[in-house]
Amino acid sequence: KRGNMRLNYTTSIMAPSLNQLQPIPDNTNPSQVVLGNTALIPEYTHRVTLRYRNFNQFNFSFFFASLTGSLTDNNIIYSQQINEYYVTELTPENIGQEKSVNAFLMYGTSIHALKTKFRVSTSGSVSNGLVNLNGMQDGYTTYSLKPSINFENIGKKILDLRTGFSYTYSVN
């Protein structure tokens, strides 16, 4: 039986892209014009990750778990403004913070009597931040859940069979 736990903290800076900074309108799609913003500043993200894993070589079972939280300052979003001609004008801008938490769990084992590997996992996330539509700022929260079950034959000589199920649920 072997297991370990890791705690990791990172920061990163995401500079605005040239397309986001370019002050010339991009009207390749006449119903949605993208305008640049030369006043953008880089996003700054703090991220903390806790991971645990355990592997049992005697029964070929494993367990993996992770939890990640992040906080982004000066979050760059695309503000939407619908003009009098019903054309959507998108402009990147720095708007407050975005926060998110992600979790992942997985367990797997071999069922030798059935010559099968079995794996069950789930992941979920919650994030929130701000949006800007027609000059009105509003907050959002997004929830996501994705369970999964997989089976794989281990008695394969010619054919490798795998089957599984996955479902994604998301709410804005």
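Residues numbered from 1 in each chain as written. Predicted model: local features only at pLDDT ≥ 70, side-chain atom pairs only at ≥ 80, totals over all residues. Heavy atoms only, no water.

Caption draft 1: Quick look at the confidence of the model for the protein. Looking at the protein, pLDDT values average 89 and 91% of them are 70 or higher. Taken element by element, the protein is modelled with least confidence in strand S11 (residues 169–171), mean pLDDT 62, and with most confidence in strand S4 (residues 61–73), mean pLDDT 97. (pLDDT = per-residue confidence, 0-100. Helix = DSSP H or I, 4+ residues; strand = E, 2+ residues; numbered from the N terminus.)

Caption draft 2: Seen up close, a positive patch on the surface. A grouping of Arg-2, Arg-6, Arg-51 and Arg-53 is seen on the molecular surface, where their side chains present a positively charged patch. Looking at the positive patch, the elements that each hand over two or more residues are strand S1 (2–14) and strand S3 (43–56). Locating Arg-53 in the fold gives a position in strand S3. (Patch = residues over 30% accessible without salt bridge, like charges linked within 9 Å, V, L, I, M, F, W, Y side chains within 5 Å. Areas by Shrake-Rupley, 256 points an atom, 1.4 Å probe, with all protein chains shown as cover. Salt bridge = Lys/Arg side-chain N within 4 Å of Asp/Glu carboxyl O. Lys, Arg positive; Asp, Glu negative; His and termini not counted. Charge placed at Lys NZ, Arg CZ, Asp CG, Glu CD.)

Caption draft 3: Spatial organisation of the side chain of Ser-79. Note on placement: Ser-79 falls in strand S5 (residues 76–82). Note on Ser-79: relative accessible area 10%, which makes it buried. Discounting residues that sit within four places of it in the chain, Ser-79 has contacts with Glu-89, Leu-90, Thr-91, Glu-93 and Asn-132. (Buried < 20%, exposed > 50% of the residue type's maximum accessible area, 1.4 Å probe, protein only. Contact = heavy atoms within 4.5 Å.)

Caption draft 4: Inspection of the environment of Ile-76 at higher detail. With respect to the helices and strands, Ile-76 occurs in strand S5. For the pair Ile-76 and Glu-93, spaced 17 residues apart in sequence, the C-alpha separation works out to 5.3 Å. When neighbours within four sequence positions are excluded, Ile-76 is seen to be in contact with Pro-16, Gln-20, Leu-40, Ile-41, Glu-43, Pro-92, Glu-93 and Asn-94.

Caption draft 5: A look at the packing of aromatic side chains. For the coordinates displayed, the defined rule picks out 3 aromatic pairs. Ring geometry for Tyr-52 and Phe-63: centres 6.2 Å apart, planes at 50°, overall tilted. Of this pair, Tyr-52 sits in strand S3 while Phe-63 sits in strand S4; the two residues are 11 residues apart in sequence, bridging distant segments of the chain. (Phe/Tyr/Trp six-rings, centres within 6.5 Å; stacked < 30°, edge-to-face > 60°.)

Caption draft 6: Structural context of the pairing of strand S6 (residues 88–94). Here 3 bridges tie strand S2 (residues 32–34) to S6, and the two strands are oriented parallel to one another. Looking across to S6, one finds that Val-33 is bridged to Glu-89. Pairing geometry for S5 and S6, over 7 bridges, is antiparallel. From the neighbouring strand, Gln-81 faces S6, where its bridge partner is Glu-89. (Pairing = 2+ DSSP bridges.)

Caption draft 7: Geometry of the side chain of Glu-43. One can find Glu-43 in strand S3. One buried charge, Glu-43, has no salt-bridge partner; the nearest side chain with opposite charge is Arg-47, at 8.7 Å. Of the polar contacts made by the side chain of Glu-43, one reaches the backbone nitrogen of Ile-76; its length is 2.7 Å. Contact partners of Glu-43, with chain neighbours within four places excluded, come to Ser-12, Ile-13, Met-14, Thr-72, Asp-73, Asn-74, Asn-75 and Ile-76. (Polar contact = N/O pair within 3.5 Å; in protein donor to acceptor, adjacent residues only side chain to side chain.)

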